[in-house]
Amino acid sequence: MAQQGATLQNYNNDLVRCIEDLREKREEVNRAIASDEEEKAKIQNDLRILTERLSRLNDGLARKISSRNEYDRTIQETEAAYQKILESSQTLLHVLKRESVNLSKKKQVSS
């Protein structure tokens, strides 16, 4: 009977040791979970901050692109108007020279 009691005590000791090992492993996993949850919360916060920053950048880009497009339109219209002025000036100069020649011819015929 003493032999069985010793064997039973050994089984009991082994069982307690196994349970303690399981609890230690559980606590390791629990610490890893807590660490991961902390990292997750930090990443979510960083993501929120970056998302807000991205939104502000996109809004600013949209305004700047619109402004640039308005500049492009104004430049194009101004260049077109300037080209018409140049063409009109050239035509006026041509007409003026022709009239000057005609006037000179009339003056020579009169003399």
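Residues numbered from 1 in each chain as written. Predicted model: local features only at pLDDT ≥ 70, side-chain atom pairs only at ≥ 80, totals over all residues. Heavy atoms only, no water.

## Some points on the overall build of the chain
Looking only at helices and strands, the chain has 1 helix and 0 strands in total. Whereas a compact globule of 111 residues would reach a radius of gyration of roughly 13 Å, the chain reaches 47 Å, over 25% beyond that. Each of the three principal axes of the chain carries a C-alpha extent, and together these read 160 × 20 × 10 Å. Summed over its atoms, the accessible surface of the chain is roughly 10,700 Å², and 57% of this surface lies on carbon and sulfur atoms. (Helix = DSSP H or I, 4+ residues; strand = E, 2+ residues; numbered from the N terminus. Rg over C-alpha atoms; globule rule 2.2 N^0.38 Å. Areas by Shrake-Rupley, 256 points an atom, 1.4 Å probe, with all protein chains shown as cover.)

## Looking at the pattern of salt bridges
All told, the structure shown has 4 salt bridges when counted by the stated rule. Notably, a salt bridge pairs Asp14 with Arg17, separated by 2.4 Å at the nearest N-O pair. Residue Asp14 and its partner Arg17 are located together in helix H1 (residues 2-110), separated by 3 residues, close to a single helical turn. One salt bridge connects Asp46 with Lys42, and the closest N-O pair in it is separated by 2.9 Å. (Salt bridge = Lys/Arg side-chain N within 4 Å of Asp/Glu carboxyl O.)

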